[in-house]
Amino acid sequence: MLPGKRILLIISGGIAAYKSLDLIRHLREHGAFVRCIVTESATQFVTPLSVSALSGDKVYRDLFSLTDEAEMGHIQLSRDADLVVVAPATANILAKMAQGVGDDLATTTLLATDKDIMVAPAMNVRMWEHPATQNNISILKSREVIFIGPTEGKMACGEFGEGRMAEPAGISDAIDDYFHAYAPLAGRHAIVTSGPTHEAIDPVRYIANRSSGKQGHAIASALAARGARTTLVTGPTHEPNPAGVKIVRIESAQDMLNAVLASLPADMAICAAAVADWRPEKIDDRKMKKRDHTTAASLNILENPDILRTLADSADRRPHLVVGFAAETNDIIENAVTKRDYKGCDWIIANDVSSGTNTFGSDENKVHFITENVIEDWPLLAKTGVADRLVDRITEHFKTFARAAE
Ligand code: CTP
């Protein structure tokens, strides 16, 4: 379950910190991206250089470093992960977490995160058994912090008892189990189309539209985060590749159709691309010259294939769930309802792209979710929020479908 998963590993200062190096190695071998924060005291046990060499990434240490905050602030660090793991978790960091103390980069990130947190405690047996620690553990468990270990055994200090950090392979397995449990779309294949298409006129000119690809890319990312094998067929965009997603880059509508058909079979297709409706009949292989046109140049245009409609209509290869978008400037719901019927898709997400709404390119979207029986107005959400909400619906849909098939 780990390929493409983003793990934020916080290494706090205990003798077991050396084992976290092995944990990084295990996680990366299983395909995860590991980004690390080391606390000041952890640097007494492991060097940031070795952590960086093993994680293949910069190591974050300082809350007040202008460079760190500029590159990836603590809020972004905490949000940009699928899971936060604290290993080793000392009695001190557990106490700070329980009490909501944020006095360094590690603890402020733990306070700011909206992701699940897993801890692998490591400390002397008496510190582990101390009522203060046990009290902190109860508080953290009540907040659904996931505990891995500690185990019982001989300790670095010579004593015997509970408090040894779980072995790196065990922590890596627990992380794998976590993603398995939280990956309800595992085993499903999703195709997502995103971005605009470019329809060439000649080697330098093309017909395009204002789509940024933000919504489609966010959907692909949310599907992959729920465990779906995701193929993103995207037109030219500046959006970064979502982690754990197979990317197929195309330019024209015809290329997009070919790539989508080549990616079948799929359990679901979400067509978020703003496909150009028309293309020039002929693509000049040389730049068209103004002087060749005595009057204003005109183009003969042909209609492009409709990818959504082709998918919805593809008989035995039809994905079980086909979702389209409806970009409308007026009579939004009425037009979208008609479009759902005409395209033959199961659901359609309607959005207002009239001038002034700034839907194309913005980070937010206000949509209407339309099925055969339901029309819902969703509030203004970040495009990632729209993606999460849509993927919640998709997850519910496949749960019901799987139950019905049993
Ligand atoms: N779509 C597609 N292939 C096309 C055109 C559109 O797959 N050639 C898909 C889009 O990805 C979207 C849905 O169809 O999911 C509706 O796209 P939209 O641009 O809203 O509508 P059009 O089909 O282009 O119709 P119109 O321009 O008349 O509104």
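Just so it is clear, the structure is predicted and the values come from calculations on it, not from any experiment.

S.K.: Explain unusual backbone geometry to me, using residue names and the numbers behind them.
M.R.: Cis geometry is adopted by the peptide bond preceding P150, which originates at G149 and carries an omega value of 10°. Topologically, P150 is positioned in the loop between β6 (146-147) and β7 (151-154). In this model, E144 sits at a positive phi of 65°, which is unusual for a non-glycine residue. Within the secondary structure, E144 is located in the loop between α8 (131-142) and β6. By relative accessible area, E144 is classed as exposed at 66%. Residue A315 is not a glycine yet carries a positive backbone phi of 40°. Within the fold, A315 resides in the loop between α12 (307-312) and β17 (321-328).

S.K.: Break down the pairing of strand β4 (residues 83-89) for me, citing the residues and quoting the values.
M.R.: For β4, the buried fraction is high: seven of the seven residues fall into the buried class. Here β4 shows two buried faces, one formed by L83, V85, A87 and A89 and the other by V84, V86 and P88. Bridging between β4 and strand β5 (residues 117-121) involves four bridges; their strand directions are parallel. The residue of β5 that forms the bridge with A89 is P121.

S.K.: Any details on the pairing of strand β9 (residues 189-194)? Residues and values, ideally.
M.R.: The element β9 is largely enclosed, with a buried count of six among its six residues. Side-chain alternation along β9 places H189, I191 and T193 on one buried face and A190, V192 and S194 on a second face that is also buried. Examined bridge by bridge, β9 and strand β14 (residues 268-271) share four bridges and lie parallel to one another. In the strand pairing of β14, I191 is matched with A269.

S.K.: Tell me about the site of the ligand, and please be specific about residues and values.
M.R.: By nearness alone, 14 residues border the ligand, and C271, A273, D277, K339 and K343 come closest of all. Between P305 and the ligand, the recorded distance is 2.9 Å, taken from a backbone N or O atom to a nitrogen atom. One of the side-chain N or O atoms of K339 is found 2.6 Å from an oxygen atom in the ligand. Within the complex, the protein chains bury 77% of what would otherwise be the 570 Å² of accessible surface of the ligand. Here the ligand is seated within the second largest pocket. Contributing elements (two or more residues each) for the shell around the ligand: α12, β17 and α13 (332-343).

Calculation rules
Residues numbered from 1 in each chain as written. Predicted model: local features only at pLDDT ≥ 70, side-chain atom pairs only at ≥ 80, totals over all residues. Heavy atoms only, no water. Helix = DSSP H or I, 4+ residues; strand = E, 2+ residues; numbered from the N terminus. Buried < 20%, exposed > 50% of the residue type's maximum accessible area, 1.4 Å probe, protein only. Pairing = 2+ DSSP bridges. Near = heavy atom within 4 Å. Polar contact = N/O pair within 3.5 Å; in protein donor to acceptor, adjacent residues only side chain to side chain. Areas by Shrake-Rupley, 256 points an atom, 1.4 Å probe, with all protein chains shown as cover. 1 Å grid on protein atoms, 1.4 Å probe; cavity = no way out; pocket = protein on both sides within 12 Å on 5 of 7 lines; lining within 4 Å. Sits in = over half its atoms within 2 Å of the grid points.

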